[in-house]
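# Chain and residue survey
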Amino acid sequence: MIFTVAIDGPAAAGKGTISRRLAAQFGFAHLDTGLLYRAVGAMGGDPVAAAQALSPADLDRPGLRSLEAGQAASRVAAIPEVRAALVAFQRRFARREGGAVLDGRDIGTVISPEAEVKLFVTASAEVRARRRFDELEAAAPGAQDYDTVLAQTRERDARDMGRADAPLRPAEDAVMLDTTDLSIEAAVTRACDLVADAL
Ligand code: C5P
């Protein structure tokens, strides 16, 4: 069975949790496509060459989830040649046998416009920054302050939405899921219902 779930939206809106839970529920493979850009950003040197040479082992590098790695990712993600080098791998993943969930910024618009289910997950910048801050605090207490996380969230949103190539935006046929006032359980339930209906 070929079945793609495309999940897009800004940082810390809940895409990762929803994607992992959908993949577990339906037995689909999951690809966090942000990790590809994070790995390219973390390699240093020429980002185009890094993207062309990217291998699965690079996705296991330590530190890829940090705020700095997120900023570096969003800078290299604005380079069209970097994006082009990563398209084929993502498209193959999306159409692999057995079903796939991909989360990122351009899955429903560029990587898999044919996806059977498209979700655009959002939340206010304040709520997203608070979630990211809480995560970072749990990992390294006292290492960052909320205002910095909020400023970086806004900066990354602006860069991801403002770039010319594959900007962050909902596909025309995406279902919008605003998690500002929605618990993660409610959001997961809604996403599971949408997939179950489309299967
Ligand atoms: O989702 P995550 O925060 O890990 O993504 C890091 C950065 O990678 C994003 O801010 C965005 O610039 C870029 N990205 C992208 N397209 C994707 C996934 C991530 O441009 N499909």
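Counting restarts for each chain: residues are numbered from 1 in the order of the written sequence. Since the coordinates come from a predicted model, pLDDT governs what is reported: local features require at least 70, and pairs of side-chain atoms require 80 or more to be given and counted, while whole-chain, interface and lining totals use all residues.

### Quick look at the overall build of the protein chain
The helix count covers DSSP runs of H or I at least four residues long, the strand count covers runs of E at least two residues long, and both are numbered beginning at the N terminus. For the protein chain, the helix and strand inventory stands at nine helices and five strands. Going from the N terminus to the C terminus, the protein chain shows its helices and strands as β-α-β-α-α-α-α-β-α-β-α-α-β-α. We take the radius of gyration over the C-alpha atoms and set the globule estimate at 2.2 Å times the residue count to the 0.38 power. The C-alpha atoms of the protein chain give a radius of gyration of 16 Å, which matches the 16 Å a tight globule of 199 residues would have. Here the C-alpha coordinates of the protein chain stretch approximately 45 × 40 × 30 Å along the principal axes. Across the 199 residues in the protein chain, those meeting the buried criterion constitute 39%. Note on contacts: residues are paired as contacts if their backbone-placed C-beta atoms lie within 7 Å. For the protein chain, long-range pairs separated by at least 24 residues make up 75% of all intrachain contacts whose partners lie at least 6 apart in sequence. Counting other C-beta atoms within 10 Å of its own, a residue is labelled buried from 20 upward, exposed at 12 or fewer, and partly exposed in the gap between, with every C-beta atom placed from the backbone.

### What to know about the sheet that holds strand E4 (residues 117–122)
Pairing within the open sheet is parallel, and its five strands lie in the order E2-E3-E1-E4-E5. In this open sheet, the two strands that pair with only one neighbour each are strand E2 (29–32) and strand E5 (175–178). The mean inter-strand angle of the sheet, taken between neighbouring strand axes irrespective of direction, is 20°. Here E4 runs beside E5; their pairing, made up of four bridges, is parallel. Considered in E5, the bridge of Thr122 is made with Asp178. Lines are fitted to the C-alpha atoms to define the axes, a helix being fitted only along its stretch in contact, and any angle between axes, read from their N-to-C directions, falls within 0 to 180 degrees. Helix-sheet contacts for helix H9 (residues 184–198) involve strand E1 (4–8), E4 and E5, and the interaxial angle to E4 is about 165°. Each pair of strands is called paired provided DSSP finds at least two bridges between the two strands.

### Description of the UniProt feature "binding site: ATP" (unreviewed entry) in the protein chain
Feature annotation in UniProt assigns "binding site: ATP" (unreviewed entry) to the following positions: Gly9, Pro10, Ala11, Ala12, Ala13, Gly14, Lys15, Gly16 and Thr17. Along the polypeptide, Ala12 turns up in the loop between E1 and helix H1 (15–26). Exposure remark for Ala12: the 24 C-beta atoms within 10 Å place this residue in the buried category. What Ala12 contacts, discounting residues up to four positions off in sequence, is Arg128, Arg131, Arg132 and Thr153. Here Lys15 is to be found in helix H1. Discounting residues that sit within four places of it in the chain, Lys15 has contacts with Ile7, Gly9, Asp103 and Val121. UniProt positions are given in the numbering used here, feature names are shortened, and annotations may be inferred rather than shown by experiment.

### Brief notes about the site of the ligand
The criterion for a residue being near a molecule or strand is a backbone-placed C-beta atom within 6 Å of that molecule or strand. In the region of the ligand, 15 residues are neighbours, and Gly34, Tyr37, Ser74, Ala77 and Gly104 sit closest. Contributions of two or more residues to the shell around the ligand are made by helix H2 (34–43), helix H4 (67–76) and helix H8 (146–162). Under the scheme applied here, ten amino acids are nonpolar (Ala, Val, Leu, Ile, Met, Phe, Trp, Tyr, Cys and Pro), four are charged (Asp, Glu, Lys and Arg), and all others, including Gly, are polar. When the residues that make up the shell around the ligand are grouped by side-chain class, the tally is five nonpolar, five polar and five charged.

### Quick word on the environment of Leu102
Within the secondary structure, Leu102 sits in strand E3 (residues 100–104). Between the C-alpha atom of Leu102 and that of Ala198, which follows or precedes it by 96 residues, the distance is 16 Å. In this view, Leu102 contacts Ala6, Ile7, Leu31, Thr33, Gln90, Phe93, Ala94, Ile107, Ile111 and Ser112; residues no more than four positions away in its chain are not counted.

### Points about the UniProt feature "domain: Cytidylate kinase" (unreviewed entry) in the protein chain
Taken from the UniProt record, the annotation "domain: Cytidylate kinase" (unreviewed entry) applies to residues 5–40 and 64–194. Taken end to end, residues 5–40 comprises 53% helix and 22% strand; its first and last C-alpha atoms sit 24 Å apart. For residues 64–194, the end-to-end C-alpha separation is 31 Å, with 56% helix and 11% strand making up the annotated structure.

### Here we look at H8
Helices are assigned an expected span. That span is 1.5 Å times one less than the residue count. Taking 1.5 Å of rise per residue, 17 residues should cover 24 Å, and H8 covers 24 Å from first to last C-alpha, within 8% of that figure. Listing the buried residues of H8 in full gives Val149, Thr153, Arg156 and Asp160. End-on view of H8: buried residues confined to an arc of 70°, all on one side of the axis. Seen from the open side of H8, the exposed residues pointing more than 90 degrees away from its buried face are Asp147, Thr148, Glu155, Ala158 and Gly162. Considering only its buried residues, H8 is in contact with H4 and helix H7 (125–139). Working definition: the arc comes from the directions between the helix axis and the C-beta atoms, pointing outward to the latter.

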